[in-house]
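Observations on the three-dimensional arrangement
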Amino acid sequence: MNAPAYNFAYLDEQTKRMIRRAILKAIAIPGYQVPFASREMPMPYGWGTGGVQVTAAILGPQDVLKVIDQGSDDTTNAISIRKFFAKTAGVATTTATDEATVIQTRHRIPETALNENQVLVYQVPIPEPLRFLEPRETETRRMHALAEYGLMHVKLYEDIARFGHIATAYAYPVKVNARYVMDPSPTPKFDNPKMDNSPALQLFGAGREKRIYAIPPYTQVVSLDFEDHPFEPYRFNAPCALCGAENSYLDEIITDDKGGRMFVCSDTDYCEGRQAAGHHGSLSAAPYKEKAQEASNG
Amino acid sequence: MADQNLVENDEPLLVAKSLSKSFGRIKACRDVSFSLYPGEVLAIVGESGSGKSTLLQMLSGQLAPSGGHVSYRMRDGVTRDLTTLGEAERRFLFRTDWGFVHQDPAQGLRMAVSAGANVGERLMAVGWNHYGRIRETASDWLTRVEIDIARIDDAPRTYSGGMRQRLQIARNLVTEPRLVFMDEPTGGLDVSVQARLLDLVRSLVAELHLAVIIVTHDLAVARLLSHRVMVMKGGRVIETGLTDQVLDDPREPYTQLLVSSILPP
């Protein structure tokens, strides 16, 4: 009666072994998409079934887990996955980037630099960077095998021809270890430079498409571009309205129906950390809080 | 230099030796042999089901022959058997030194991608990495095939049949191939558009010193474009020779029938 109804971290040990083998192969061939026998998870496809399986396979009892969704620790998806592992694995969870050993993410790489003891797990909806250019899976695999990546530049060419600049803003294709072209999942291209030569291991899991791929630590990751239209990370040019950060990726938040909006860090942990350290933006509530406190004290 | 050119033109570019292909019991192609020299245009004519397209697919390395060999003189001057090429080499050959113009432009073009990118794709595939130069070359080629530069950013979906076919030709010629395969390039086009396309192909062939293997059932196309004609029937080559010779003085009864079935103008 006291035995738990499921194994540590939900998946059974055989499944975890299978996923670990796929992960090892992925690490051995950086950027290569390794097929794996993706399982049904107790959540719908598109909610991070791939990332959850990778996390379940690598999680140990000593790990500290952080889950982010669009940079935020407090959205539905992030909270449910964090609770899922707190319940099924009993691991400690955190929202602080530097305390975590495993970080599962959707759409963002934390602003705080990662270290060698951390693993970043991405949830990937569409792992194939050539998918919308070449519909045949047999053909895209052959193109990867022969490193025929001219087509990827056709997409960038189309962008420039249509918009005057490379308008791809997320899922911006990268070349890993000078060999495989890889889709970095829908992270904004602002985050692409963080993948290059990162000390942390980066794992990518696509549950519906049944693929796992990886970037080992300290691996070269280059964003594709043209000589006369070089890669440029995009960031809205404003400081964060809450913490005043000048170099973080910003979310646009609509504040009323009269066109009012504010720009705040999409990485909530980073933003809160800065505010706690005394940095304030133009719309920060901190001065009012202090005043209110003084009033109640006095 | 002149001597070297002479030697270069003296050796065949592509040699087919007793090629045959059978699909089960059906023998689509039997014992076809010929040599193609640089700058030469060879027309393969015959009725539907005579094995023309099967032969073209074998020559272009898309179909493995049941018997016989195709060898090709590469850009470095070494003649190699196509079956010994690795897949990577064959695909590289296909997008650099060769061109393939399909009857249906939708097969040869990316219909949803702009004309400029269609022409530029081969360049990007061989490592061109400068947008300005790719676009310049693409516009240059669009001019050469008489497509208005203003339409460079339009997708070929929005093009007429004749324009699509000209775009396909530009896309194939941009890497300056030495050999172009054409499968009924004028099929489905109306007569005036056909005439303009043929005129264009003829001038490009002369200008670029292209070798062309063109499959057609239209003897008028063969007469206008080709130097030599091969007549096929039931998978066999029944007659071959200089174009005017074969078409004006056909020897085989089938060829006589074929020639006489053209309506007098």
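What you see is a predicted model, and the numbers here were worked out from it, not measured in a lab.

1. Quick look at the overall build of chain A
Of the regular secondary structure elements, chain A holds eight helices and twelve strands. The globule rule puts the C-alpha radius of gyration for 298 residues at 19 Å, and the 21 Å found for chain A is close to it. Seen through its C-alpha atoms, chain A measures out along the principal axes to roughly 75 × 65 × 35 Å. The buried share of chain A, taken over its 298 residues, is 44%. Here the contacts in chain A between residues at least 6 apart in sequence split such that 63% fall between residues at least 24 apart.

2. Here we look at the overall build of chain B
For chain B, the helix and strand inventory stands at eleven helices and ten strands. Expected size for 265 residues packed as a compact globule is a radius of gyration near 18 Å; at 19 Å, chain B falls within 12% of this value. Per-residue burial for chain B yields a buried fraction of 42% across its 265 residues. Counting contacts in chain B only where the partners sit at least 6 residues apart, residues at least 24 apart contribute 65% of the total.

3. A word on unusual backbone geometry
Generally, phi is negative for residues other than glycine and the peptide bonds are trans, each holding for most cases. All names here are of chain A. Positive phi, close to 80 degrees, is recorded for His107, a residue that is not glycine. Looking at the secondary structure, you find His107 in the loop between strand S4 (102-106) and strand S5 (119-123). If you check the backbone angles, Asn197 has positive phi at about 55 degrees while not being a glycine. Structurally, Asn197 can be placed in the loop between helix H6 (192-195) and strand S8 (201-206).

4. Regarding the pairing of strand S2 (residues 64-69) of chain A
Strand residues, when the strand is regular, have side chains that alternate between the two faces of the sheet. Residues and elements named next belong to chain A. Taken across its six residues, S2 has five buried, putting it largely inside the fold. Here S2 pairs with strand S3 (residues 92-93) via two bridges, running parallel. The residue bridging Leu65 from the neighbouring strand is Thr93, located in S3. On the question of chirality, the crossover connecting S2 to the parallel S3 by way of helix H3 (residues 76-88) is right-handed. Judged from the five bridges that link them, S2 and S4 form a sheet pairing that is parallel. Across the sheet, residue Ile68 finds its bridge partner in S4, namely Thr105.

5. Side note on the nonpolar core
Ranked by size, the top nonpolar core spans 130 residues in total, and within it A:Ile23, A:Leu203, B:Ala43, B:Ile44, B:Ala170, B:Val212 and B:Ile213 carry the most contacts. In terms of residues, this core owes the most to one element, helix H5 (residues 115-125) of chain B, which gives six residues. Beyond its immediate chain neighbours, meaning those up to four positions away, A:Ile23 contacts A:Val54, A:Ala57, A:Leu203, A:Ile212 and A:Ala214. With 13 residues, the next largest nonpolar core counts A:Cys243, A:Leu250, A:Val264 and A:Tyr270 among its residues.

6. Some points on the interface of chain B and chain A
Taken together, the 17 residues of chain B in the interface contact 15 residues of chain A. Residue assignment for the side of chain B that touches chain A shows that the elements contributing at least two residues are helix H3 (87-96), H5 and helix H6 (131-144) of chain B. If you tally residues by element for the side of chain B that touches chain A, the top one is H5(B), at six residues. In terms of residue class, the side of chain B that touches chain A is made up of seven nonpolar, six polar and four charged.

7. Here's the deal with the sheet that holds strand S2 (residues 26-36) of chain B
Residues and elements named next belong to chain B. Spatially, the four strands line up as an open sheet ordered S2-S1-S4-S5, and their pairing is antiparallel. Each edge of the open sheet is held by one strand with a lone partner, namely S2 and strand S5 (79-81). In this sheet, adjacent strand axes meet at a mean angle of 20 degrees when their direction is disregarded. Set on the sheet, helix H2 (residues 52-59) makes contact with strand S1 (14-23), S2 and strand S4 (67-73); between it and S1 the angle comes to about 125 degrees.

8. Some words on the environment of B:Ile169
Residue and element names in this part refer to chain B. Here Ile169 is to be found in helix H7 (residues 161-173). Spatially, the C-alpha atoms of Ile169 and Pro105 are 9.6 Å apart, while their sequence positions differ by 64 residues. Not counting residues within four places of it along the chain, the set of residues in contact with Ile169 comprises Val101, Val145 and Val201.

Rules of the game
- Throughout this document, residue positions are counted from 1 along each chain, in the order its sequence is written.
- Chains and ligands are labelled by the order in which they are written, letters from A for the one and numbers from 1 for the other.
- Local features in a predicted model are, by the rule used here, given only for residues with pLDDT of at least 70; side-chain atom pairs are given and counted only at 80 or more, and totals for whole chains, interfaces and linings are based on all residues.
- Numbering of helices and strands runs from the N terminus, with a helix taken as a DSSP run of H or I at least four residues long and a strand as a DSSP run of E at least two residues long.
- Each radius of gyration reported is based on C-alpha atoms, and the globular scaling rule is 2.2 Å times the count of residues to the power 0.38.
- With C-beta atoms placed from the backbone, the exposure class of a residue follows from how many other C-beta atoms lie within 10 Å of its own: 20 or more, buried; 12 or fewer, exposed; in between, partly exposed.
- Contact between two residues is assigned whenever their backbone-derived C-beta positions fall within 7 Å.
- In this scheme, strands are said to pair when DSSP sees at least two bridges between them.
- By definition, the crossover connecting two strands over a helix is right-handed if that path, from the first strand to the second, turns clockwise as seen with the strands pointing away from the viewer.
- Note on terminology: a nonpolar core is a set of buried residues of type Ala, Val, Leu, Ile, Met, Phe, Trp, Tyr or Cys, with members joined through C-beta atoms within 7 Å.
- Gly is placed with the polar residues, together with every amino acid not listed as nonpolar (Ala, Val, Leu, Ile, Met, Phe, Trp, Tyr, Cys and Pro) or charged (Asp, Glu, Lys and Arg).
- Fitted lines through C-alpha atoms give the axes, limited to the stretch in contact for helices. The angle between two N-to-C directions lies from 0 to 180 degrees.

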